[in-house]
Amino acid sequence: MKYLSTRGGTSRLSFSEALSSGLAPDGGLFVPERFPTIGGIAPPGDGSTARLAAFAAELLEPFLVEDPLWPALPELCRRAFSFPIPTRALPDGTTSVLDLFHGPTAAFKDVGARFLAACCDRLGGGGTVLVATSGDTGGAVAAAFSEVPGAETWILFPRGRVSARQRKQLTTWGRSARAFAVEGDFDACQALVKRAFADEEVRRARRLISANSINIGRLLPQLVYYAAASLQHLRRRGVPPGFVIPSGNLGNAVAAFWALRMGFPIRRIALAFNANRAVPDFFATGEFRRAPTLETLASAMDVGAPSNFERLTHLYGGDLAPLRRDAEAHSVDDAAIGDAIEQGLSRWGSVWCPHTAAAVRVRERLGAADWIVVATAHPAKFETIVEPRIGRSVEVPPTLAAVLGREERFETIAPDWEAFRAMLLSA
Ligand SMILES: *Cc1c(COP(=O)(O)O)cnc(C)c1O
């Protein structure tokens, strides 16, 4: 299997090469040259982590055939899928929720970050992991790479726009990670990261490793939970489910589209955005307009111009009609997110994080078909938003509790490329 650029450049790279490059040479994003069909793969039985890891290795094998990482795939999957990813049915009979937040930093990004880190470790990867984050990416990446000898993580986050508990997960890694509060929005952070990767001298000097959701090594393992959940749902309910996915940069959702393309039993994909509505507007008008990022309650989805959009349009050959046949996109404003959190216990018997709440609100707008709502983070990460709306405290999972006691360290910087470049070259 080779990997191609969404922009049509001629390079065909192996999985390891694509993973190590981050962006394609022509500035596009890597995508598999084709999507293997699923054959007779069976759902991962009792859902134990061992079964899930074995399922993952079977599913991902065609994507790594003949790659240097191919022989290590079962081990990589054991390292990445080291926590449960359960689906639970909700009281209305047609809705389930897929909990992706039982990993070390209580958000779905642990899956991709852990797989990528395991791959880099196996490839002998010392270097600097440079990552922009609007919330959960940085923590997941720092946690995953803290297990990789010789790797240091640099995290750029928009100052004042991540929750206090999220910030703890970015700033308490001691020597293995360095955190920067950038005076700007997420797009400003991402712009600095993109320039660093485009700069040959910086790249070489620091041996940069890209860990943003554009990295193919983060995206691919996310196929696993869509594949497993859809097969299990079909077996249990006799019908293929739709997925409602909280979306920002579209890294999580693209994996669902790929799983659909591979033939997994997915009826439909509903994308739930916050007030950043570039993609919902595209679905409505066929025109994609980059918009400035708006701050919302679902801050990890505060992305004005989602970079993985390019993978989505590539998958559909730039055509809107077939995309609309498979999917729809909704925007949920802060008032509706707040309402969904507030009504979570009475309507669904559940406490939602703000991102999941956006998806729940979308599910409430959809008809009486089977839908799996994707829960992307634990509500305890966003207690200042959630607790006042539900009128009680949210229990903190043990992984998060461990982080909260540690000391924070971060530097505040301007979104100034020349100054940041100097730091990269001198530190
Ligand atoms: C990152 C994140 C999202 C958005 O995922 P994308 O892959 O950027 O679309 C949604 N919810 C949470 C909790 C996140 O951390």
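Below is a short write-up of the structure. (Residues numbered from 1 in each chain as written. Predicted model: local features only at pLDDT ≥ 70, side-chain atom pairs only at ≥ 80, totals over all residues. Heavy atoms only, no water.)

1. So, the overall build of the chain
Stage number 1. Counting secondary structure elements, the chain contains 20 helices and 13 strands.
Stage number 2. Computed over its C-alpha atoms, the radius of gyration of the chain comes to 20 Å, within 12% of the 22 Å expected for a compact globule of 427 residues.
Stage number 3. The C-alpha extent of the chain, read off along each of the three principal axes, is 60 × 50 × 45 Å.
Stage number 4. For the chain, the proportion of its 427 residues judged to be buried stands at 61%.
Stage number 5. Long-range contacts, defined as pairs at least 24 residues apart, comprise 74% of the intrachain contacts of the chain with a sequence gap of at least 6.
Stage number 6. When the 47 basic and 44 acidic side-chain charges of the chain are each reduced to a single mean position, those positions are 2 Å apart. (Helix = DSSP H or I, 4+ residues; strand = E, 2+ residues; numbered from the N terminus. Rg over C-alpha atoms; globule rule 2.2 N^0.38 Å. Buried < 20%, exposed > 50% of the residue type's maximum accessible area, 1.4 Å probe, protein only. Contact = heavy atoms within 4.5 Å. Lys, Arg positive; Asp, Glu negative; His and termini not counted. Charge placed at Lys NZ, Arg CZ, Asp CG, Glu CD.)

2. Description of the site of the ligand
Stage number 1. The ligand sits among 15 residues. The nearest are Lys109, Asp136, Gly248, Asn249 and Leu250.
Stage number 2. One of the side-chain N or O atoms of Lys109 is found 2.5 Å from an oxygen atom in the ligand.
Stage number 3. Interatomic distance of 2.7 Å between a backbone N/O atom of Gly248 and an oxygen atom of the ligand.
Stage number 4. The fraction of the free accessible surface of the ligand (380 Å²) that becomes covered by protein chains is 97%.
Stage number 5. Class assignment of the residues belonging to the shell around the ligand gives a composition of 6 nonpolar, 7 polar and 2 charged. (Near = heavy atom within 4 Å. Polar contact = N/O pair within 3.5 Å; in protein donor to acceptor, adjacent residues only side chain to side chain. Areas by Shrake-Rupley, 256 points an atom, 1.4 Å probe, with all protein chains shown as cover. Nonpolar A, V, L, I, M, F, W, Y, C, P; charged D, E, K, R; others polar.)

3. Overview of the nonpolar core
Stage number 1. One finds Phe15, Leu59, Leu60, Phe81, Phe145, Phe257 and Leu271 to be the most contacted residues of the largest nonpolar core, which totals 100 residues.
Stage number 2. Sequence-distant contacts of Phe257, defined by excluding residues within four places in its chain, comprise Ile269, Leu271, Leu312, Leu315, Tyr316, Leu323 and Ala327.
Stage number 3. Counting 35 residues, the second largest nonpolar core, distinct from the first, contains Ala336, Trp352, Val373 and Val394. (Core = buried A, V, L, I, M, F, W, Y, C linked by side-chain atoms within 4.5 Å.)

4. Observations regarding the pairing of strand β12 (residues 371–375)
Stage number 1. Of all 5 residues in β12, 5 are buried, a share of seventy percent or more.
Stage number 2. Because side chains alternate across β12, one face comprises the buried residues Trp371, Val373 and Ala375, and the other comprises Ile372 and Val374, equally buried.
Stage number 3. In this structure, strand β4 (residues 95–99) lies alongside β12, joined through 5 bridges in parallel fashion. In the sheet register, Thr95 faces β12, and the bridge partner there is Trp371. (Pairing = 2+ DSSP bridges.)

5. Thoughts on the packing of aromatic side chains
Stage number 1. By the definition in use, this model includes 12 aromatic pairs.
Stage number 2. A network of ring pairs unites the aromatic residues Phe282, Phe283, Phe288 and Phe309 as a single cluster.
Stage number 3. The ring of Tyr316 has Arg261 sitting right over it, with the charged end atom 5.2 Å from the ring centre.
Stage number 4. A cation over an aromatic ring shows up here: Arg267 above the ring of Trp371, its NZ or CZ 4.6 Å from the ring centre. (Phe/Tyr/Trp six-rings, centres within 6.5 Å; stacked < 30°, edge-to-face > 60°. Lys NZ or Arg CZ within 6 Å of the ring centre and 35° of its normal.)

6. With respect to helix α15 (residues 334–342)
Stage number 1. Taken residue by residue, α15 has Ala336, Ile337, Gly338, Ala340 and Ile341 as its buried positions.
Stage number 2. Buried residues in α15 make contact with α16 (344–348), α17 (354–365) and α18 (383–390).

7. Considering the environment of Leu320
Stage number 1. Structurally, Leu320 can be placed in helix α14 (residues 320–326).
Stage number 2. Judged by relative accessible area, Leu320 falls into the buried class, the value being 17%.
Stage number 3. Note: C-alpha distance between Leu320 and Gly126 (194 residues apart in sequence) is 42 Å.
Stage number 4. Beyond its immediate sequence surroundings of up to four residues, Leu320 is in contact with Phe282, Phe283 and Gly286.

8. Let's talk about the pattern of salt bridges
Stage number 1. One pass over the structure, following the stated rule, counts 22 salt bridges.
Stage number 2. Between Glu33 and Arg12 there is a salt bridge, and its shortest N-O distance comes to 2.8 Å. You can see Glu33 sitting in the loop between β2 (30–32) and α2 (49–64) and its partner Arg12 sitting in the loop between β1 (3–5) and α1 (15–21), a full 21 residues away along the chain.
Stage number 3. For Arg12, a relative accessible area of 47% translates into the label partly exposed.
Stage number 4. Of the charged contacts in the structure, one is a salt bridge between Glu152 and Arg206, with a shortest N-O distance of 3.3 Å. (Salt bridge = Lys/Arg side-chain N within 4 Å of Asp/Glu carboxyl O.)

9. Remarks on the sheet that holds strand β11 (residues 327–331)
Stage number 1. Strand order in this open sheet of 6 strands is β3-β4-β12-β9-β10-β11, and the pairing throughout is mixed. Lying at the two open borders of the sheet, with one neighbouring strand each, are β3 (87–89) and β11. For this sheet, the mean inter-axis angle between neighbouring strands, taken without regard to orientation, is 25 degrees.
Stage number 2. Note that strand β9 (residues 242–246) and strand β10 (residues 268–273) share 5 bridges and pair parallel. Residue pairing across strands places Phe243 opposite Ile269, the latter belonging to β10.
Stage number 3. Sheet contacts for α17: β4, β9, β10, β11 and β12; angle to β12, the most-contacted strand, approximately 165 degrees. (Axes fitted to C-alpha atoms, helices over the stretch in contact; angles between N-to-C directions.)

Just geometry here; none of it tells us what the structure is for.
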